[in-house]
Amino acid sequence: MDIQRVMVIGAGQMGSGIAQVCATNGYQVILHDINERYVQKGSEAINKQLKRQIDKGRIAADEVERINARIETTTKLQRAEEADIVIEAVVENMEVKKTLFQQLDEFAPPETILATNTSSLPITEIAAETKRPHQVIGMHFMNPVPVMKLVEIIRGLATSEEVYEKVEEMAKALQKVFVDVSDFPGFVSNRILMPMINEAIFTVYEGVASPQDVDQVMNLGMNHPMGPLTLADFIGLDTCLYIMETLHEGFGDDKYRPCPLLRKYVKAGWLGRKTGRGFYVYER
């Protein structure tokens with residue numbers, strides 16, 4: 001079976017980005033979310049990104065029309081019956097993902113591949129909720145999806161070689177660079193990135209330096225394009241905390257213990273850019 005029709009579950013920042021990249025590269029896309037408002041916001045985000053590409057002269061207006069024509073939106077999960085692959089991009093919460101994969105297993109045809117864009121959770125555990133664990137795989141895109149080239153492809157314990165090869169082919173068709181990663185907490189990207197962000201938060205918590213100075217050190221001293229605390233605000237501090245908790249639980253090692261200041265900010269609702277306040281204050 002060739003992959004031609006993609007269903008993306010979750011029309012947020014990651015899901016809309018995945019949908020845009022798939023449609024740009026010729027796939028028919030069904031973009032799903034739980035209500036019309038979220039679906040509409042996802043469509044608006046895609047159009048905003050594409051307009052930016054037109055303004056920069058990277059894409060023609062008529063090509064944007066063709067891309068948009070390849071994207072349908074829906075609030076009906078049953079439309080998974082039409083997909084060759086379903087890519088889940090919902091909240092980073094194991095119970096939510098397990099419930100979703102149980103439902104997708106019922107609606108999607110037996111040959112449909114079920115992929116998760118999880119950034120840290122075990123693929124094997126998610127796959128165990130289905131009757132097709134051999135067809136469940138991790139496909140972790142980086143944010144923002146239209147810009148970032150990397151995709152981590154993660155096999156669960158039962159993922160078949162055929163499914164891995166099809167997803168690898170799809171990553172190439174999306175003009176992404178992929179890496180083959182084993183199913184460990186945080187995979188590669190977040191196992192390295194999140195402890196660095198957590199340590200940056202500890203430096204602020206312990207009064208070593210201000211958020212601005214911590215970011216300046218990493219910008220100018222390590223040549224990072226974005227400081228770790230700016231990046232944490234961009235990712236979402238709730239997501240950072242959840243991933244650190246996943247690493248802490250998965251490895252049982254206190255070097256992954258989330259900083260108390262990170263917990264405090266999340267409890268206060270200071271989640272970063274999406275709430276207007278995190279380590280920095282943003283206009284909304």
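Residues numbered from 1 in each chain as written. Predicted model: local features only at pLDDT ≥ 70, side-chain atom pairs only at ≥ 80, totals over all residues. Heavy atoms only, no water.

Per an unreviewed UniProt entry, the chain carries the name 3-hydroxybutyryl-CoA dehydrogenase and comes from Texcoconibacillus texcoconensis. In its Pathway (unreviewed entry) section, the UniProt entry covering the chain states "Lipid metabolism; butanoate metabolism." What UniProt records for the chain under Sequence similarities (unreviewed entry) is the sentence "Belongs to the 3-hydroxyacyl-CoA dehydrogenase family." (UniProt positions renumbered as here; feature names shortened; annotations may be inferred.)

Undergrad: Lay out the packing of aromatic side chains with the relevant residues and their values.
TA: This model, assessed by the stated rule, comprises 4 aromatic pairs. Ring centres of Tyr 265 and Trp 270 lie 5.1 Å apart, and the angle between their planes is 65°; this geometry places the pair in the edge-to-face category. For Trp 270, a relative accessible area of 28% corresponds to the partly exposed category. Pairing Tyr 265 with Phe 279 gives two aromatic rings, centres 4.9 Å apart and planes at 35°, and the pair type is tilted. Within this pair, whereas Tyr 265 is found in helix α11 (residues 260-267), its partner Phe 279 is found in the segment after α11, the two being separated by 14 residues in sequence. Judged by relative accessible area, Phe 279 falls into the buried class, the value being 8%. Put simply, the rings of Tyr 265, Trp 270 and Phe 279 touch in pairs and so form one group of aromatic residues. (Phe/Tyr/Trp six-rings, centres within 6.5 Å; stacked < 30°, edge-to-face > 60°. Buried < 20%, exposed > 50% of the residue type's maximum accessible area, 1.4 Å probe, protein only. Helix = DSSP H or I, 4+ residues; strand = E, 2+ residues; numbered from the N terminus.)

Undergrad: Tell me what's going on with the nonpolar core, and back it up with residues and numbers.
TA: With 36 residues, the main nonpolar core has Val 6, Ile 85, Ile 87, Met 139, Phe 141 and Met 170 as its most contacted residues. Broken down by element, this core gets its largest block of residues, 6 residues, from helix α1 (residues 13-24). Apart from the residues within four sequence positions on either side, Met 170 is in contact with Ile 3, Val 6, Cys 22, Tyr 27, Ile 85, Ile 87 and Met 139. Counting residues in each nonpolar core, the second largest holds 24 residues, with Ile 197, Leu 237, Cys 259 and Tyr 280 among its members. (Core = buried A, V, L, I, M, F, W, Y, C linked by side-chain atoms within 4.5 Å. Contact = heavy atoms within 4.5 Å.)

Undergrad: Could you give me a rundown of the pattern of salt bridges, with the residues and numbers involved?
TA: Counted by the stated rule, this structure contains 16 salt bridges. One salt bridge in this structure joins Arg 66 and Glu 63, with 2.8 Å as the shortest N-O distance. With Arg 66 and Glu 63 both in helix α3 (residues 61-69) and 3 residues apart, this pair spans about one turn of that helix. The salt bridge partner of Asp 180 is Arg 155, with a shortest N-O separation of 2.9 Å. Of this pair, Asp 180 sits in strand β8 (residues 177-181) while Arg 155 is found in strand β7 (residues 150-155), placing the two residues 25 residues apart along the sequence. (Salt bridge = Lys/Arg side-chain N within 4 Å of Asp/Glu carboxyl O.)

Undergrad: Tell me about the domain arrangement of the chain, and please be specific about residues and values.
TA: Put simply, an interface is often sized by how much accessible area is lost when its parts join up. Domain boundaries assigned for the chain yield domain 1 (5-182) and domain 2 (194-274). When each unit is reduced to the centre of its C-alpha atoms, the spacing between domain 1 and domain 2 is 27 Å. Counting residues at the interface gives 9 residues for domain 1, matched by 4 residues for domain 2. Run the count over domain 1 and domain 2 and you get 0 salt bridges. Inspection of the domain 1/domain 2 interface yields 1 residue pair in polar contact (both at pLDDT 80 or more). Of the residues contributing to the side of domain 1 that touches domain 2, the split by class is 3 nonpolar, 5 polar and 1 charged. (Domains from an automatic or database assignment. Polar contact = N/O pair within 3.5 Å; in protein donor to acceptor, adjacent residues only side chain to side chain. Nonpolar A, V, L, I, M, F, W, Y, C, P; charged D, E, K, R; others polar.)

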